[in-house]
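One letter stands for each residue in the lines below.
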Amino acid sequence: MVSLTQFVGMFFLVLVFPFYVMPYIEERFELRLPHALPEMNGRVLFYRYGPAIESLLDEFDRTRTPFVVVEEDIELARNLRNRGYAVVFGRLDEEQDLLSGVAAARAVVANADDHANAVCIMIAREQGFSGPIYALADDPMYRPPMIQVGASEVFTPAHVLAAALAARASTRISPPAEGMHMLGGLVGLAEFRVRAGSALAGMRLGDLQLRARYGVTVIGQWTCGNFSVASGPATRIEAGAILVVGGAHNNLAKVESLALPIRRRGPIVLAGYGVVGQKVAEMLADADETTIVIDQQGLPGVDICGNVLDRLTMERAGLREASAMVLTLSNDSEGVFATAVIRDHAPEIPLIVRANRAQNIPRLYQAGADFALSVGQVAGQILAYHLCGEQAAAVQQRLKFIRVAPGALVGGHPWRETVRERTGAAIVAVERDESVIVEFGSDFVVRPEDVLFVCGTFESLEAYLREFHTAVVTV
């Protein structure tokens, strides 16, 4: 039995402990965090941690690339140390000798707000650092001042991210394939959504015989934001994928009985009007796209004030009639749930989603996104190139048409020379005697004077030129 005195004592301890004891423990803990840089030879110094450098630091840690993080938030500094990262705790505006020893660093990356970045750049230069300083800026207007005080390069990842999202939503910004104009109006490129119950889902190209039955060529398919070329008869079509098909327009129309064509006409609906959303809207407007903007706040530029999760809001925006949906919410949990709700309401439209943290990208794809990208992926690619000389994968893979001489294909058939198996590219048309042929009978033979139209990614087209010993024919 607890006495009244014991109860009061315990109650007093519960009240007093957080206010008097915890600050003491925190102070002791804080003292255990380094307040000075370690030996910096070969290390990269990152000033402040955040989503923009999260993926890059994970990769640095995996490859044992030496780095140190200078962090001003005590809780964050503890978490970083617990993850095994080299971290220094301190505040530059109060401890300007915090960067003492930075002169030996390999590079400096400033990842705070724009004003704090400028202070970091100046202090690093004052400490004798003469190497490259890369700053990640929020506002591009501050790029010249940061360069003036000593930055080597200043990047705005949020704007690069917005450009990638806008390009994926708008065919005016990023057409389905570069060079299509060379084919005139005879050949088109279309996208088809492969439903789970479609006759295409799970099938191999060799079994479907789409070329023989419909006279069309499957170039490849988009799944989870990645484009994979159709490399031959064994290529399996994934349920939910966006299939990219080339051929004569009347032949493309025949494929509609197997998969639903994605309409690229109509307005683009944009939900989320923060920094990234506003930049996406600006880029779409510059491309003369009609954009319907949804946000919970009635800001200038917002067309519909409401919650994108509300079915009435989606109906007011005409989401099912849109050519694409761009989701740029500031919270990833909301983004994942909104992706699932939107996909349920409008299952066919292309859905492009912004994420804050790269580890949430798989969840967005699982929820139904067609294309998802985080600021960390964008910033990580930029910084990896400058810090390590690594040529990062393109944010968005591109298709291209080229005109080539027949080369080693003279005397062969365009669809029977294992072109796709050997290169990943596909021959979709042949120019002969001022006409363009898009269907090839069994007796068709490539002549020396023919010009072939080949479609593929930049990598597969380079492989084609090498494999068939040919060259591009200029118009």
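Residues numbered from 1 in each chain as written. Predicted model: local features only at pLDDT ≥ 70, side-chain atom pairs only at ≥ 80, totals over all residues. Heavy atoms only, no water.

Undergrad: Where do I start with the confidence of the model for the protein chain in this structure?
TA: Caution applies to low-pLDDT parts of the model: their predicted coordinates are not meant to be read in detail. In the predicted model, the protein chain carries a mean pLDDT of 88, and the fraction of residues at 70 or more is 91%. Low pLDDT, under 50, characterises residues 24–31; the stretch is placed with seven contacts to residues that sit more than four places away or in other chains. (pLDDT = per-residue confidence, 0-100. Contact = heavy atoms within 4.5 Å.)

Undergrad: Whenever I open this one, the pattern of salt bridges confuses me. Can you help?
TA: Pairs may arise between side chains of opposite charge once their charged atoms sit close together. One pass over the structure, following the stated rule, counts 16 salt bridges. With a shortest N-O distance of 3.1 Å, R78 and E75 are connected by a salt bridge. Placement of both R78 and E75 in helix α3 (residues 74–82) is noted, with a separation of three residues, approximately one turn of the helix. Residue E75 is classed as partly exposed on the basis of its relative accessible area, which comes to 43%. Residues R195 and E348 are paired through a salt bridge, measuring 2.6 Å at the closest nitrogen-oxygen approach. In this pair, R195 sits in the loop between β7 (187–193) and α7 (205–208) while E348 sits in the loop between α12 (332–345) and β16 (351–355), placing the two residues 153 residues apart along the sequence. For R195, a relative accessible area of 47% translates into the label partly exposed. Given the relative accessible area of 18%, E348 is considered buried. Residues joined by salt bridges that share partners form a network here, namely R48, E71 and E72. (Salt bridge = Lys/Arg side-chain N within 4 Å of Asp/Glu carboxyl O. Helix = DSSP H or I, 4+ residues; strand = E, 2+ residues; numbered from the N terminus. Buried < 20%, exposed > 50% of the residue type's maximum accessible area, 1.4 Å probe, protein only.)

Undergrad: Would you mind showing me how to read the nonpolar core here?
TA: Note on soluble globular proteins: their nonpolar side chains tend to be buried together. Core analysis: the biggest nonpolar cluster contains 50 residues, and F46, V280, L383 and L387 have the highest contact counts within it. Sequence-distant contacts of V280, that is, excluding residues within four places in its chain, are made with A162, L165, A166, L270, V326 and T328. Grouped together as the second largest cluster of nonpolar side chains are 27 residues, L37, V68, L98 and V108 included. (Core = buried A, V, L, I, M, F, W, Y, C linked by side-chain atoms within 4.5 Å.)

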